[in-house]
Amino acid sequence: MAESTRKKPSSQTRKLSWCCSLTGYPPSPENPVILPKTIHKKADSLSKLSFNSVPNSPLSAKSGLHFVGRIDPRRILSPGRVSPIDSDPTAYPFQEIITEPLHTDRVESAPKSRSESFRGKNDGSLSYSGSGAEACGGVFDVRLNLKGKNGGALVLETSSEVLIANSEVFGGLISEYRKSLGSKSKSSGSNDSDDSLKMCRIEVGDVENLGVFKQTVELMFEEDITKRLVKVGVYRAIDILEVSVGIKFTRGVLSCLKYLEVVPWTEEEEEKLRSLFSVGNFEKTASQDILARLYLSDSVDSQQNLARQLVWSITTCTDANARNELKSLVKGLLCKSSVYEKDQPDLSKEDLYVVCQSCLGSLLTLMKEGFGSGRAEKRENGKPLIERISRQVDNINWLLEILIDRQMGEEFVDMWADQEELLKMHETASPMVRYELSRVSATIFIAMGTRKLHCRAEVRAGLLQAWFRPMLSDFGWLQRCKKGLDMKILEEAMGQTLLTLPLKLQYMLFMDWFSCFSKHGAECPNLSKAFQIWWRRSFLGGSETHAIESR
């Protein structure tokens with residue numbers, strides 16, 4: 001009686017193959033009772049993730065799906081049990097065959113067989129079943145029962161023809177169902193012609209996003225999938241790509257890859273795509289264009305050489321504005337705190353010191369050029385000598401900041417302390433030129449005094465013996481031409497660095513400062529605070545030493 005009440009769909013029904021019912025399930029032998037209103041409210045609250053398709057709309061009409069609606073999670077029991085829908089198991093025999101679960105929230109790499117692509121919890125989250133009493137009329141002969149990871153549910157009725165033609169996973173399940181149905185018909189002696197009228201049910205569990213899965217199945221009915229992807233955007237296309245890979249929807253995978261390759265990505269979209277490609281195994285030819293956008297190929301120079309080229313280009317840049325902009329850019333990319341640190345090109349210590357040696361050599365050449373000429377305005381290529389010297393000092397300080405950030409600066413301090421030729425020229429050079437050398441010393445003193453640069457005792461002693469006195473004489477010029485220096489921090493850092501030396505060496509250098517400060521006042525750094533600490537430590541330490549020796 002129930003079978004006679006179900007009409008076979010006509011040709012008109014096939015044209016309008018999408019229908020939506022949010023007020024209840026369509027009458028069928030499986031659903032003889034209409035859901036109460038309280039359950040409908042529950043179903044409506046679970047349908048927020050579904051698409052805004054309306055009955056008989058142009059979009060839904062060509063989707064080839066019969067959207068039965070969301071069902072209350074309480075109506076779904078675990079696989080192998082009889083659902084409340086099948087309230088009369090004697091009238092409607094329920095046959096269920098469980099396969100391994102399908103997980104659409106991740107992509108397995110290169111499955112060797114169909115079943116291996118569904119590895120996960122053995123909870124029967126993908127299954128097919130058949131009801132011997134349900135007729136499909138050749139149109140809606142497959143029912144997809146989607147169970148959301150967060151508890152929602154969605155039921156879709158669609159065509160087995162389309163599923164078989166587009167999805168290896170669904171095609172395999174439908175084929176297994178029909179084989180089992182055929183063998184059962186032969187054993188029972190029933191008419192084989194009735195087999196085509198039976199509904200195949202496929203259950204998919206732990207679906208991350210019901211709407212994405214539904215839309216992926218809809219794309220199987222589209223002739224031009226790319227047009228639909230343009231409407232949904234890149235982020236949703238990546239989700240669809242992930243589901244398409246999971247159900248082996250090859251045409252959907254190729255269309256998603258084609259669309260994603262031709263459009264720009266945001267950082268969030270790129271990271272999501274990179275994550276998907278890191279766990280999935282895509283066909284090389286189809287995905288090579290996207291992989292070329294995500295990763296450097298083997299044919300290009302190594303990342304290490306790339307970073308060295310960038311640093312070298314900046315130190316040789318002649319345009320001041322461009323150089324300053326590029327310095328800020330590259331330093332931000334190479335510093336340890338950069339958000340790109342995990343993907344940044346590797347810049348070795350040797351590479352940085354090669355560039356440092358080159359800049360120090362250029363600085364020495366420029367100083368020799370102006371040494372003894374008495375003309376600081378000497379020009380080359382339209383640039384004054386002072387400007388060219390200042391540019392090299394800027395380069396050295398920039399490289400030094402990168403070295404300090406990477407905790408590689410100790411060797412540079414040793415190199416700077418051994419610049420005997422620069423020290424000799426500093427004594428007779430014009431103050432307008434020589435104070436540029438003290439800018440390098442100032443950067444080192446600040447790094448030491450603020451605990452960013454850690455050097456051995458002999459390295460610290462060598463630096464202060466070489467460059468402390470030149471710093472005293474150039475301090476007035478540094479105050480007038482700060483070029484980014486914080487003079488208060490510099491004074492504090494100089495005093496703190498001095499206090500890290502042995503007391504005997506501190507005595508010699510503090511006496512030099514005391515003499516300079518008494519003559520020049522504000523033209524000399526104010527190290528009074530550090531001097532007081534040295535005085536207290538020296539005399540207190542001396543009395544304690546005598547007390548210890550007397551014991």
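For the structure, see preceding data.
Report on the accompanying structure. (Residues numbered from 1 in each chain as written. Predicted model: local features only at pLDDT ≥ 70, side-chain atom pairs only at ≥ 80, totals over all residues. Heavy atoms only, no water.)

1. Things to note about the pairing of strand E5 (residues 142–148)
Stage number 1. Burial runs high along E5: seven of the seven residues are buried.
Stage number 2. What you see with E5 is no split at all: Val 142, Leu 144, Leu 146 and Gly 148 on one side and Arg 143, Asn 145 and Lys 147 on the other are buried throughout.
Stage number 3. Judged from the six bridges that link them, E5 and strand E6 (residues 153–158) form a sheet pairing that is antiparallel. Considered in E6, the bridge of Asn 145 is made with Val 155.
Stage number 4. If you look at the hairpin formed by E5 and E6, you'll find four residues sitting between the two strands, and Gly 151 has a positive phi there, around 110°.
Stage number 5. The pairing of E5 with strand E7 (residues 198–207) spans six bridges and is classified as parallel. (Buried < 20%, exposed > 50% of the residue type's maximum accessible area, 1.4 Å probe, protein only. Helix = DSSP H or I, 4+ residues; strand = E, 2+ residues; numbered from the N terminus. Pairing = 2+ DSSP bridges.)

2. Remarks on the packing of aromatic side chains
Stage number 1. As enumerated under the stated definition, the model contains 14 aromatic pairs in all.
Stage number 2. Measuring from ring centre to ring centre gives 4.6 Å for Trp 416 and Trp 467, while their planes differ by 10°; the resulting arrangement is stacked. Taken as a pair, Trp 416 in helix H16 (residues 410–417) and Trp 467 in helix H19 (residues 457–480) lie far apart in primary sequence, 51 residues in all.
Stage number 3. Trp 416 gets classed as buried once you look at its relative accessible area, which sits at 0%.
Stage number 4. For Trp 467, a relative accessible area of 0% puts it in the buried group.
Stage number 5. With centroids separated by 6.3 Å and ring planes inclined at 70°, the aromatic side chains of Trp 534 and Trp 535 adopt a geometry described as edge-to-face.
Stage number 6. Classification of Trp 535 as partly exposed rests on a relative accessible area of 47%. (Phe/Tyr/Trp six-rings, centres within 6.5 Å; stacked < 30°, edge-to-face > 60°.)

3. Some words on helix H9 (residues 250–262)
Stage number 1. In a regular helix each residue adds 1.5 Å, so 13 residues correspond to 18 Å; H9 covers 19 Å between its end C-alpha atoms and thus fits that length.
Stage number 2. Considered for burial, the residues of H9 that qualify are Gly 252, Val 253, Ser 255, Cys 256, Leu 257, Tyr 259 and Leu 260.
Stage number 3. In this fold, the buried residues of H9 make contact with helix H7 (225–232), helix H8 (234–246), helix H10 (267–279) and helix H11 (284–294). (Expected span 1.5 Å × (residues − 1). Contact = heavy atoms within 4.5 Å.)

4. Points about helix H15 (residues 385–405)
Stage number 1. Relative to the 30 Å expected for 21 residues at 1.5 Å per residue, H15 spans 31 Å between its end C-alpha atoms, a close match to the ideal helical length.
Stage number 2. Of all 21 residues in H15, 16 are buried; the element is thus mostly enclosed.
Stage number 3. Gln 407 occupies a position one or two residues after H15 and carries a positive phi of about 55°.

5. Some details on the side chain of Thr 315
Stage number 1. Mapping Thr 315 onto the fold places it in helix H12 (residues 303–315).
Stage number 2. Within the local environment of Thr 315, its side chain forms a polar contact with the backbone oxygen of Trp 312, the two atoms lying 2.8 Å apart. (Polar contact = N/O pair within 3.5 Å; in protein donor to acceptor, adjacent residues only side chain to side chain.)

6. Digging into the packing of H7 against H9
Stage number 1. Closest axis-to-axis distance for the H7/H9 pair is 9 Å, and the angle between their directions is 55°. As the angle between them shows, H7 and H9 are arranged oblique. For H7 against H9, the interelement crossing comes out right-handed. Across the interface between the two elements, Ile 225, Thr 226, Leu 229 and Val 230 from H7 touch Arg 251, Gly 252, Ser 255, Cys 256 and Tyr 259 from H9.
Stage number 2. Grouping the amino acids of the contact of H7 with H9 by side-chain chemistry returns five nonpolar, three polar and one charged. (Axes fitted to C-alpha atoms, helices over the stretch in contact; angles between N-to-C directions. Parallel < 35°, antiparallel > 145°, perpendicular 65-115°, else oblique. Left-handed = near helix turned anticlockwise from the far one by under 90°. Nonpolar A, V, L, I, M, F, W, Y, C, P; charged D, E, K, R; others polar.)

7. Notes on the nonpolar core
Stage number 1. Grouped together as the largest cluster of nonpolar side chains are 77 residues, with contacts concentrated most on Met 367, Phe 412, Trp 416, Leu 422, Ile 444, Phe 468 and Leu 490.
Stage number 2. Considering each element in turn, this core owes the most residues, 11 residues, to H19.
Stage number 3. Phe 412 has contacts with Tyr 353, Cys 356, Leu 360, Ile 396, Leu 400, Leu 403, Val 440 and Ile 444, leaving out every residue within four places of it along the chain. (Core = buried A, V, L, I, M, F, W, Y, C linked by side-chain atoms within 4.5 Å.)

8. Things to note about the environment of Leu 276
Stage number 1. Following the sequence through the fold, Leu 276 ends up in helix H10.
Stage number 2. We classify Leu 276 as buried; its relative accessible area is 5%.

9. Let's talk about the pattern of salt bridges
Stage number 1. Using the criterion set out here, one finds 23 salt bridges in the structure.
Stage number 2. Between Arg 228 and Glu 218 there is a salt bridge, and its shortest N-O distance comes to 3.2 Å. Taken together, the residues span a long stretch of sequence, with Arg 228 in helix H7 and Glu 218 in helix H6 (residues 210–219) at a distance of 10 residues. Grouping residues by exposure puts Arg 228 and Glu 218 together as buried.
Stage number 3. Across the pair Glu 387 and Lys 383 runs a salt bridge whose closest N-O atoms are separated by 3.6 Å.
Stage number 4. Because the salt bridges share partners, they merge into one network encompassing Lys 214, Glu 218, Glu 222 and Arg 228. (Salt bridge = Lys/Arg side-chain N within 4 Å of Asp/Glu carboxyl O.)

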